[in-house]
Amino acid sequence: MALSAVTVLGVDRPGVIAAVTGSLAECGANITDSTMTLLGGHIAMMFLVSGDLDAEEITKRLRARDLVVTAAAVEARRRFGCASGGHGYVLTLHGPDRPGIISAVSAVLAAVGGNITGMSTRLTGHLYVLIADVELPGAVDTGALARDLAETGSGLDSEITFRPVEPARP
């Protein structure tokens with residue numbers, strides 16, 4: 001089975017997700033991972049799909065719906081979840097909008113080997129909100145990291161919270 005990464009951007013409207021995912025199903029694509037969000041009135045979608053696929057056919061079918069599309073074959077990589085011995089965290093930031101917020105926060109995490117596995121940002125009036133899922137290696141001093149993140153947030157006139165992901169309860 002082939003694995004393909006598909007990105008789609010278009011004007012948001014009712015039914016657009018149904019149309020895109022229906023077209024993928026018609027191509028024989030099984031959606032294994034996906035993320036979708038609104039960006040300034042546009043829908044942005046990313047899919048990892050498996051099946052006997054032809055990236056050119058996927059692209060042609062989706063572009064016929066007035067969407068900006070890319071599709072490319074990719075290799076399978078590790079699945080969702082923390083690397084051996086790692087831990088999951090959620091980071092949130094609230095503060096005024098300004099250039100460099102994502103860069104500053106991600107640099108602090110990268111310095112300790114942290115990996116952002118999912119992130120969403122939203123500007124609501126003058127309030128900038130960032131929410132990120134983070135994987136950390138097991139040996140990270142999370143107390144020191146939390147202090148570094150708080151200092152970075154302070155320099156951005158923002159508040160950063162950083163907490164472990166709690167395991168699901170049976």
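As shown above, the structure is provided for reference.
Quick look at the structure, then. What you see is a predicted model, and the numbers here were worked out from it, not measured in a lab.

What the rule picks out here adds up to 1 salt bridge. Ionic pairing is found between Arg-98 and Asp-157, a salt bridge with its closest N-O pair at 3.5 Å. Taken together, the positions of Arg-98 in the loop between strand S5 (87-96) and helix H3 (101-111) and Asp-157 in the loop between helix H4 (142-155) and strand S8 (159-164) put the pair 59 residues apart, joining distant regions of the chain. On the accessibility criterion, Arg-98 (33% relative accessible area) is partly exposed. Given a relative accessible area of 57%, Asp-157 falls into the exposed group.

Across all of its chains, the model carries 1 aromatic pair by this definition. Ring geometry for Tyr-89 against Phe-162: centres 4.8 Å apart, planes inclined by 5 degrees, an arrangement best described as stacked. Of the two residues, Tyr-89 sits in strand S5 while Phe-162 sits in strand S8, which places them 73 residues apart along the sequence. A single burial state applies to Tyr-89 and to Phe-162, both of which are buried.

Here we come to the environment of Ala-71. Tracing the chain through its elements places Ala-71 in strand S4 (residues 68-73). Separated by 20 residues in the primary sequence, Ala-71 and Gly-51 have C-alpha atoms spaced 13 Å apart. In contact with Ala-71, other than residues within four places in its own chain, are Ala-5, Val-6, Ala-55, Ile-58 and Thr-59.

The rules behind each value
- Residues numbered from 1 in each chain as written.
- Predicted model: local features only at pLDDT ≥ 70, side-chain atom pairs only at ≥ 80, totals over all residues.
- Heavy atoms only, no water.
- Salt bridge = Lys/Arg side-chain N within 4 Å of Asp/Glu carboxyl O.
- Helix = DSSP H or I, 4+ residues; strand = E, 2+ residues; numbered from the N terminus.
- Buried < 20%, exposed > 50% of the residue type's maximum accessible area, 1.4 Å probe, protein only.
- Phe/Tyr/Trp six-rings, centres within 6.5 Å; stacked < 30°, edge-to-face > 60°.
- Contact = heavy atoms within 4.5 Å.

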